[in-house]
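So you can see what is in the structure, the chains are spelled out below.
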Amino acid sequence: MKLAIGSDHGGFRLKEDIKEFLAEEGFAFEDFGTRSPESVDYPDIAEKVAGAVLAGRCDKGILICGTGIGISIAANKLPGIRAALCHDTFSAKATREHNDSNILAMGERVIGFGLAREIVRTWLGTQFAGGRHAVRVGKIGELESKYISR
Ligand code: RB5
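Okay, so let's go over this structure. (Residues numbered from 1 in each chain as written. Predicted model: local features only at pLDDT ≥ 70, side-chain atom pairs only at ≥ 80, totals over all residues. Heavy atoms only, no water.)

1. Digging into the environment of G107
Next up, step 1: Inspection of the secondary structure assignment puts G107 in strand 5 (residues 103-107).
Next up, step 2: With relative accessibility at 0%, the residue G107 sits in the buried group.
Next up, step 3: Along the chain, G107 and D59 lie 48 residues apart, while their C-alpha atoms are 21 Å from each other.
Next up, step 4: Those residues in contact with G107 that sit more than four places away from it in its chain are C65, G66, T67, G68 and H87. (Helix = DSSP H or I, 4+ residues; strand = E, 2+ residues; numbered from the N terminus. Buried < 20%, exposed > 50% of the residue type's maximum accessible area, 1.4 Å probe, protein only. Contact = heavy atoms within 4.5 Å.)

This is the structure in structure tokens:
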């Protein structure tokens with residue numbers, strides 16, 4: 001399992017902390033930036049991380065901005081990406097079981113670093129439940145084919 005991780009300036013400090021956590025837990029990861037607290041545009045980082053997941057270079061991704069909102073909206077524009085914005089462990093578990101989310105998004109300005117680590121632990125440790133949920137996830141793919149022009 002290799003993870004792609006990225007943030008804008010609003011999520012930079014939390015990204016650095018989550019990288020430390022991933023290393024402690026033995027997860028391989030690739031950092032797609034940003035590399036400093038200087039201002040950058042979150043769609044650029046979303047595209048890099050989501051692109052790495054879609055290309056199969058990484059298995060799943062973690063994206064962080066100030067709120068987690070902009071960067072998750074941007075990532076979800078790439079067909080095949082299911083980015084879930086989670087600020088609690090219940091949602092982190094549910095989105096893996098029900099939505100097979102392939103990117104976890106969080107907001108540094110919304111939650112504490114300790115909770116963020118627990119959310120990452122829960123999200124990475126939960127498997128997709130399949131069954132009726134696979135049918136629904138399949139329908140998300142159908143919506144992409146119907147409405148998103150490449
Ligand atoms: C940057 O100031 C901020 O807008 C960004 O990190 C994010 O919160 C956007 O949704």
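There's more to say after this.
2. Side note on the sheet that holds strand 4 (residues 83-85)
In a beta sheet, neighbouring strands are held together by backbone hydrogen bonds and run either parallel or antiparallel to one another.
Next up, step 1: Strands sit in the order 2-1-3-5-4 across an open sheet of five strands; the sheet is parallel. Of all the strands in the sheet, the pair left with one neighbour each is strand 2 (28-31) and strand 4. Each strand of the sheet is rotated relative to its neighbour by a mean of 25°, with strand direction disregarded.
Next up, step 2: Where strand 1 (residues 2-7) lies against strand 3 (residues 60-65), five bridges are found, and the strand directions are parallel. (Pairing = 2+ DSSP bridges. Axes fitted to C-alpha atoms, helices over the stretch in contact; angles between N-to-C directions.)

3. Here's the deal with the pairing of strand 1
Next up, step 1: Burial of strand 1 is extensive: five of the six residues sit out of reach of the surface.
Next up, step 2: Bridging between strand 1 and strand 2 involves four bridges; their strand directions are parallel. Each residue of the ladder has a partner; that of I5, found in strand 2, is D31.

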